[in-house]
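Structural overview for review
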Amino acid sequence: MNDKVIKKVTVIGAGFVGSTTAYTLMTSGLVSEIVLIDINKDKAEGEVMDMNHGMPFVRPVKIYNGDYSDCKGSDIVIITAGANQKEGETRIDLVHKNTAIFKGIVGEVIKYNNDCILLVVTNPVDILTYVTYKISGFPKNKVIGSGTVLDSARFRYLIGEHTGVDPRNVHAYILGEHGDTEVATWSIANIAGIPVDKYCDECHGCKDKLSRKIIYENVKNAAYEIIKKKGATYYAVALAVRRIVEAIVRDENSILTVSSLLEGQYGIEDVCLSVPTIVNKNGIERILNVELSDEENKLLKKSGEALKSVIKTLDL
């Protein structure tokens, strides 16, 4: 795969996240072929028809609904299918339902393709990334979860809103689980290289200094709030997935907080978690050991242990 252009992507699941992901990829101009697969073939066909009617407005791309045999030749297979998170339900609550679903999905994919990158988006994404790694038998670099790429974007957006700075110039990460044990790494958060606290001390742009607790809670609970108000989250996560695909397709060596298998990094083993990671055409190129505070390291390990305790209950 290293010597060829990535051109075909399969999206499994034509629900809110899957169809919006396909749409963002269609408008991105990154790939030349997109397959949409769903157990509800009419839903997939309807989504494809709707997107194809906008084809005169975008770069040429072939989009069609298919079945698992159409995974053949795909460079990236994105899995968004599964039971949806409902109001009042945590991502972990979904684990047993979606593990059973994934056994079927991944089993079908590898019948037709054993040389793609598997990108997992379905929640709980870290556990399902680990499940996918175990079921597929793929090399660890080729199994990626969308992880906390979205959480980190929420984090950057909220810091940017408070400080009045373009969030693209805010450098901050949410690490660990994409969920209730996620860790805000304030010790390395900065604006143009200036630590966030120092920036706020010197800014004098507001009466109230940035509240770490409020921002963290707003990031962590964002999905719950959105689900409560509109039933599902899909725009921002689809953009996060597009960003990951872009890093792979363009061989960018971009640093993203995707979820992947840890093997001793940060003192954590045999679980998929999000930490700063170099992403390129090989998938995971390298996991970075970023210097965190003692408290952040402690919380990151706690996040890993929480996920491992759930994994132990699964039949893998």
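Rules and cut-offs
- Residues numbered from 1 in each chain as written.
- Predicted model: local features only at pLDDT ≥ 70, side-chain atom pairs only at ≥ 80, totals over all residues.
- Heavy atoms only, no water.
- UniProt positions renumbered as here; feature names shortened; annotations may be inferred.
- Domains from an automatic or database assignment.
- Contact = heavy atoms within 4.5 Å.
- Buried area = accessible area lost by both parts, 1.4 Å probe.
- Salt bridge = Lys/Arg side-chain N within 4 Å of Asp/Glu carboxyl O.
- Polar contact = N/O pair within 3.5 Å; in protein donor to acceptor, adjacent residues only side chain to side chain.
- Helix = DSSP H or I, 4+ residues; strand = E, 2+ residues; numbered from the N terminus.
- Nonpolar A, V, L, I, M, F, W, Y, C, P; charged D, E, K, R; others polar.
- Phe/Tyr/Trp six-rings, centres within 6.5 Å; stacked < 30°, edge-to-face > 60°.
- Lys NZ or Arg CZ within 6 Å of the ring centre and 35° of its normal.
- Axes fitted to C-alpha atoms, helices over the stretch in contact; angles between N-to-C directions.
- Parallel < 35°, antiparallel > 145°, perpendicular 65-115°, else oblique.
- Left-handed = near helix turned anticlockwise from the far one by under 90°.
- Pairing = 2+ DSSP bridges.
- Buried < 20%, exposed > 50% of the residue type's maximum accessible area, 1.4 Å probe, protein only.

Under an unreviewed UniProt entry, the name given to the protein is L-lactate dehydrogenase, and the organism recorded is Acetivibrio clariflavus. In its Pathway (unreviewed entry) section, UniProt records this for the protein: "Fermentation; pyruvate fermentation to lactate; (S)-lactate from pyruvate: step 1/1." Within the UniProt record for the protein, the comment given under Catalytic activity (unreviewed entry) is "(S)-lactate + NAD(+) = pyruvate + NADH + H(+)".

As a further point, take the domain arrangement of the protein. Per the domain assignment, the segments making up the protein are domain 1 (8-145) and domain 2 (148-312). Each of domain 1 and domain 2 has a C-alpha centre, and these two points are 23 Å apart. Counting from both sides, the interface comprises 36 residues of domain 1 and, opposite them, 42 residues of domain 2. Here domain 1 and domain 2 share an interface that buries about 3200 Å² over both sides, 72% of which is from carbon and sulfur atoms. Counting across the interface, domain 1 meets domain 2 through 1 salt bridge. Where glutamate 263 meets lysine 140, a salt bridge forms, and the shortest distance between an N and an O atom there is 3.5 Å. For the pair domain 1 and domain 2, the number of links is 6 residue pairs in polar contact (both at pLDDT 80 or more). Among the elements of the structure, α1 (16-28), β4 (76-79), β5 (117-120), α4 (125-136) and β6 (143-145) are those that each provide at least two residues to the side of domain 1 that touches domain 2. Counted by class, the side of domain 1 that touches domain 2 contains 18 nonpolar, 10 polar and 8 charged residues.

Here we come to the packing of aromatic side chains. The final tally for this structure, using the stated rule, is 3 aromatic pairs. Clustering of aromatic rings is evident, with ring pairs tying together Phe16, Tyr234 and Tyr235. For the cation-ring pair, lysine 230 lies above tyrosine 234, with the distance from its terminal atom to the ring centre recorded as 3.9 Å.

Here the focus is the packing of α1 against helix α2 (residues 41-52). Across the interface, α1 lies against α2 with an axial gap of 11 Å and an inter-helix angle of 25°. When the axis of α1 is compared with that of α2, the two are roughly parallel. Here α1 runs over α2; the crossing is right-handed. Side by side, α1 and α2 meet where Ser19, Ala22, Tyr23 and Met26 of the first sit next to Lys43, Glu47 and Met51 of the second. When grouped by side-chain class, the residues that make up the contact of α1 with α2 number 4 nonpolar, 1 polar and 2 charged.

Here the focus is the sheet that holds strand β15 (residues 277-280). Ordered in space as β12-β15-β16, the 3 strands form an open sheet in which the pairing is antiparallel. Bordering the open sheet on either side are β12 (254-256) and β16 (283-287), each of which pairs with just one other strand. Each neighbouring strand pair of the sheet contributes to a mean axis angle of 40°, computed without reference to strand direction. Relative to β16, β15 is paired through 4 bridges, and the arrangement is antiparallel. Bridge pairing links threonine 277 to isoleucine 287 in β16. Running at roughly 150° to β12, helix α9 (residues 235-249) makes contact with β12 and β15 of the sheet.

A few words now on the environment of asparagine 253. Mapping asparagine 253 onto the fold places it in the loop between α9 and β12. In this structure asparagine 253 comes out as partly exposed when scored by relative accessible area, which is 42%. On a C-alpha basis, the gap between asparagine 253 and glycine 88 in space is 38 Å, while along the polypeptide they are 165 residues apart. Asparagine 253 has contacts with Ile278, Val279, Asn280 and Glu285, leaving out every residue within four places of it along the chain. A distance of 2.9 Å separates the side chain of asparagine 253 from the side chain of asparagine 280, its partner in a polar contact.

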